[in-house]
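Each chain is listed here by its residues.
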Amino acid sequence: MEYKNVLTTCPYCGAGCNFYLQVLNGELVGVLPCKSHTVSQGKLCIKGWNASEFVISKERLSKPLIKRNGSFIEASWDEALDTIAKKLKEYKEIDPDSIAVLSSAKCTNEENYLMMKFARAVLGTNNVDHCARLCHASTVVGLGQSFGSGAMTNSIRELEDADCILIIGSNTAEQHPLIARYILRAKEKGAKLIVVDPRAITLTQFADYHLRQRPGTDVAVFNGFMNLILAEGLEDKEFIKERAEGFEELRETVKIYTPEHVEKITGIPKDKLIAAATTYAKAEHASIVYSMGITQHTTGVDNVSSSANLAMLTGNVGKPSTGVNPLRGQNNVQGACDMGALPNVYSGYQSVTDENMRAKFEDAWKTKLPEKPGLTVVEMMNEAAKSNIKAMYIMGENPMISDPDISHVREGLENLEFLAVQDIFLTETAQLADVVLPATSYAEKEGTFTSTERLVQMVRKAIEPLGESSADWQIICDLAKAMGSKEFEYGAPADIMDEIASLTPSYAGIVYERLQRGGLQWPCPSKEHPGTPYLHKEKFSRANGKGKFFGIEFKEPAELPDEEYPFILSTGRIIFHFHTGTMTRKTELLNKEVPTGYVEINPKDAERLGIVAGELVSVQTRRGQIETKALITERVPEGVIFIPFHFAECAANVLTNPALDPVAKIPEYKVCAAKIEKYQVSSTLKASPGFTIPPRITRANIPSKGRR
Amino acid sequence: MIKKVQDLARKWLEGKEVDAIFGLKEQDGYIAPYLFADASELDNLTISTEYRLCYTCRPPKENILALMQRREPNTKIGIVARGCEERALVELAKRGQVDLDKVKIMGIACTPEEAKECRCERPYPNNLVIGERVEGVSGDENINTLLNKSLPERLEFWRHELSKCIKCYGCRNVCPMCFCKDCKMEQEVFSKTGWLPPEIPMFHFIRFYHISERCIGCGQCEKACPVDIPLLTIFKLLRKDVKDLFDYEAGMDVEQEAPLLTTLDEMPMKEEVPSGV
């Protein structure tokens, strides 16, 4: 008998918790927390505890599939790879930019690096992107322009020692539960907690101030804070003088954002705003924590840069327990960005338009590389619909649930001449593919993930691949070889990391041998460097070493409520599920907690519309319509409704607005105009076949026997 | 101490007294449970208070030893067990989960520092094989502080602590005594599902009551809690109540019947389900 525990990194959020996978005679039998891990410390959230179940799901893909006459037929690996290689070669010869590639924030650094190398060096296009576009593209741009580096400035555990934590647009306890641990510990030690969120999120019960802004007015909130700080002389004059530039522009811009003016825009009572702003400004160590509540707007970059403005104005950058801390949603979304699975940069954010950078990669990969930056996720779908993108290769992403305006996504994907998908499940997206390749989960391969705090950590193989599935890095290498490339010869993921380190300054010191004993935080520029817990200590990463203030005016969201669509619809996640549900909806306990979607509506709105709790309602926007259950709750303010986006049968993204931030190209998931009505039987029968109301557990249908 | 444990384990393995040793293994600075089947690996056998060897595997929803015994019923397993682990094994055997005939326990004593860290009242196994027996901690500051508060203050204390819960089920998952296939914490009849924080106090109380007379006081629940709810404090109080009411302490003797473990010779009382529900 063999029983071992294999240490690995959680495949869910970006907190980067580690745990052991228990393996008995080669079979996965559970998860065990790791006591000595820096973030998780022997604790996990409900998803982490259950992270072994989906791995062994009977729904896992075990053989390559090729679609013939509309249905999938099992195929051999050779046949499937040859089919894809032949097709991609055809499109490459006509126009490499008619091909687009989606990489994956669920896959390892090594796999993302290979995927972007494959797109650029083998296919010859910069059309490579991934779901970071949909969550923190505005962070990469916003913090990039303000600080010179688009990543979390400080470390997770430093939050515990902050004197004030400003949480804006992050439902931390649900989305990053193990990060909320350190926020709660700070609170128990006396820190002040400011929550800025339209919804009453789980953490608001512990908040000293809950500022409920009208959705989409975050810039006005930040400007209001800064107006007050300057009016009261609470700014850090020395920091502004020594470390930053552009202050005059900021001062001029925020002048009009008096508490009264901000109250008019945001709906936050001015006294509350004044008290919260004063608390933040007076704290010795103040941290800002944010997430998609501020990034997923047409003003996403403005919001992020505004948070950077506030931190610099009060000198809260470059020291422990301060900073601007974007919490990244996926286990390896930080890494996928670091690896250059983006249309404009190679690994380490080295620009494809910079001749020197391009020459370096051309030299290493022994081929000419394209100069023009490629298309982003939403642009790819638009161009597919217009037949400018003809073939797509998607690794481990499910745009059919995750992208805004799904009907349009379907239109784009169905309009493709060729679609290949590699995934562990036959997702809604994979179902549209011509060829599907079975990949392995995190438990069956080796590699690294980079967590939200820039911590690069090992993912270790616990069990053998299920069926004929193959690791994503292996599949990319096989496909590259099938297309005739000789630059994809790697014995193991460690070799890929060596290549990454040789080409990526911030990862230069990362090597598997070091990672075996614990993670390393980038920048880690040499093999002797211990890693960097917090950024911008003496100077910022911008070219001149200074942080930059931007004077940013408030702009309204792209679509506002009107007579026809009187509600603001906001979307997001819940603790019991993850993203498009491909993993969590195959987990018994999580399905038991929340079996399907719902729409949160304020009791006053519900009463006005005659909607009762649990009733099926129809929610409509200019993009589409879904039917879902009403959850009547004061978590949402009047006039705002909220829908979690995990559930394919009542997919929130049928409704969302694909309007983009002009620079970061992130869609406005957090605000669009909607109407909500009582459900009409006739319309639903047509609109969503197969929708069933989950059975409610009541006392009557619980057997009384068998209780312990 | 560790040398003695390794030597005895080697002796048991080489002398075919057991087929494998279940203990903790250290690798690259990380420690985790491991089944040693080969004596040559025993240099990596270690002891640590950080991990216990009695826990329920999920999804199988079965204790790890029970799972091993079910997979390979003829394998005799030696287990390096502290006092709390021995007590857990006794309770598991009492409840038909683990066959103690197929287990050989190497009872080891905890040091005074370890006992203090775990606030443990009995830091030694009944069958002590290696180490010096030290007395457990008497009195508990956390409990004294709590009991000195008024009832409304205590209620508010618990309400605050439980309101932090993020429903990870970690307390249940690490508990050596939580092995029910049909866990009551998951059921909507007891506390509303899909909601944070879970219903106060029912979500937690259902487990407190359920575990009260089997709790062996290992404190793993408290250590697994991501929001630092002082669960050991409440379980110590429950254990004291069980002792005072029934003169019973969990994990002492397989033959001793648990006070709340009753045999129902007749059908349990039928629940009255009102018509129309």
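Residues numbered from 1 in each chain as written. Chains lettered and ligands numbered in written order. Predicted model: local features only at pLDDT ≥ 70, side-chain atom pairs only at ≥ 80, totals over all residues.

A. Geometry of the overall build of chain A. Helix and strand counts for chain A stand at 25 helices and 30 strands. In terms of overall size, chain A behaves like a compact globule, its C-alpha atoms giving a radius of gyration of 25 Å where 708 residues would be expected to give roughly 27 Å. Projected onto the principal axes, the alpha-carbon positions of chain A cover approximately 70 × 65 × 55 Å. Every one of the 708 residues in chain A was classed for burial, and the buried ones make up 61%. Considering only intrachain contacts with a sequence separation of at least 6, the fraction spanning at least 24 residues in chain A is 73%. (Helix = DSSP H or I, 4+ residues; strand = E, 2+ residues; numbered from the N terminus. Rg over C-alpha atoms; globule rule 2.2 N^0.38 Å. Buried ≥ 20, exposed ≤ 12 C-beta atoms within 10 Å, placed from the backbone. Contact = placed C-beta atoms within 7 Å.)

B. Local environment of the overall build of chain B. Scanning chain B from N- to C-terminus turns up ten helices and eight strands. At 20 Å, chain B has a C-alpha radius of gyration in line with the 19 Å of a compact globule built from 277 residues. Considering only C-alpha atoms, chain B reaches an extent of 65 × 45 × 40 Å along its principal axes. By the burial criterion, 40% of the 277 residues in chain B qualify as buried.

C. Region of the structure containing the sheet that holds strand β17 (residues 418-423) of chain A. Residues and elements named next belong to chain A. Strand order in this open sheet of seven strands is β5-β4-β18-β17-β16-β6-β7, and the pairing throughout is mixed. Either end of the sheet is taken by a strand with one partner, and the two such strands are β5 (71-74) and β7 (128-129). Across the sheet, helix α2 (residues 77-94) touches β4 (65-68), β6 (99-102), β16 (391-395), β17 and β18 (435-438), and the angle it forms with β18 is around 130 degrees. (Pairing = 2+ DSSP bridges. Axes fitted to C-alpha atoms, helices over the stretch in contact; angles between N-to-C directions.)

D. Just the interface of chain A and chain B, in detail. With 50 residues of chain A in contact, the opposing surface of chain B contributes 47 residues. For the side of chain A that touches chain B, the secondary-structure elements that each account for two or more residues are β1 (3-9), β2 (18-24), β3 (27-33), α1 (46-49), α6 (172-175), α7 (177-188) and α23 (588-593) of chain A. Broken down by element, the side of chain A that touches chain B gets its largest block of residues, five residues, from α7 of chain A. Considered class by class, the residues forming the side of chain A that touches chain B number 24 nonpolar, twelve polar and 14 charged. (Nonpolar A, V, L, I, M, F, W, Y, C, P; charged D, E, K, R; others polar.)

E. Structural detail: unusual backbone geometry. Residues R58 of chain B and P59 of chain B are joined by a peptide bond in cis, for which omega reads 10 degrees. Along the chain, the position of P59 of chain B falls in the loop between β4 (56-57) and β5 (62-63). In this structure, the amide linkage connecting I200 of chain B to the following residue, P201 of chain B, adopts the cis form with an omega of 0 degrees. Structurally, P201 of chain B can be placed in the loop between α7 (170-174) and α8 (202-211). Even without being a glycine, S321 of chain A presents a positive backbone phi close to 60 degrees.

F. Structural detail: the sheet that holds strand β9 (residues 192-196) of chain A. Residues and elements named next belong to chain A. Read from one edge to the other, the open sheet built from five strands follows the order β10-β9-β8-β12-β13, with strand pairing classed as parallel. A single partner strand is all that each edge strand has here, and the edge strands are β10 (209-211) and β13 (324-326). Strand-to-strand, the axes of this sheet are offset by a mean angle of 15 degrees, without reference to chain direction. In this structure, strand β12 (residues 286-290) lies alongside β13, joined through three bridges in parallel fashion. Within the sheet, the bridge partner assigned to I288 lies in β13 and is V324. Packed on one face of the sheet, helix α12 (residues 270-282) meets β8 (164-168), β9, β10 and β12 and runs near 125 degrees to β10. Where helix α14 (residues 300-313) meets the sheet, its contacts fall on β12 and β13, and the angle it forms with β12 comes to roughly 175 degrees.

G. Layout of α14 of chain A. Residue and element names in this part refer to chain A. With 14 residues, α14 extends 20 Å between its outermost C-alpha atoms, agreeing within 8% with the 20 Å of an ideal straight helix rising 1.5 Å per residue. Within α14, 14 of the 14 residues are buried, which leaves it mostly tucked inside the rest of the structure. Count one or two residues on from α14 and you reach G315, which has phi positive near 70 degrees. (Expected span 1.5 Å × (residues − 1).)

H. Examining the domain arrangement of chain A more closely. Residue and element names in this part refer to chain A. We note that the domain assignment places domain 1 (3-56), domain 2 (65-134 + 331-482), domain 3 (137-326) and domain 4 (567-699) within chain A. Contacts between domain 1 and domain 3 engage nine residues on the former and eight residues on the latter. Of the residues contributing to the side of domain 1 that touches domain 3, the split by class is five nonpolar, three polar and one charged. (Domains from an automatic or database assignment.)

I. View of the domain arrangement of chain B. All names here are of chain B. Each assigned domain of chain B is listed here: domain 1 (2-130) and domain 2 (141-246). Measuring from the centre of the C-alpha atoms in domain 1 to the corresponding centre in domain 2 gives 26 Å. Counting residues per element, the ones that place at least two in the side of domain 1 that touches domain 2 are β5 and α3 (83-94). Here the side of domain 1 that touches domain 2 gets four residues from one element, more than from any other, and that element is α3. Here the residues of the side of domain 1 that touches domain 2 are counted per class, giving six nonpolar, three polar and eight charged.

J. Here's a closer look at the packing of helix α3 (residues 109-123) of chain A against helix α21 (residues 493-503) of chain A. Residues and elements named next belong to chain A. Two elements in contact, α3 and α21, have axes whose closest approach is 9 Å; the angle formed by their N-to-C orientations is 65 degrees. Judged by the sense of rotation from one axis to the other, the crossing of α3 with α21 is left-handed. Residue-level inspection shows N109, E110, Y113 and L114 of α3 in contact with α21, the latter providing P493, I496, M497 and I500. Of the residues in the contact of α3 with α21, the class split is six nonpolar, one polar and one charged. (Left-handed = near helix turned anticlockwise from the far one by under 90°.)

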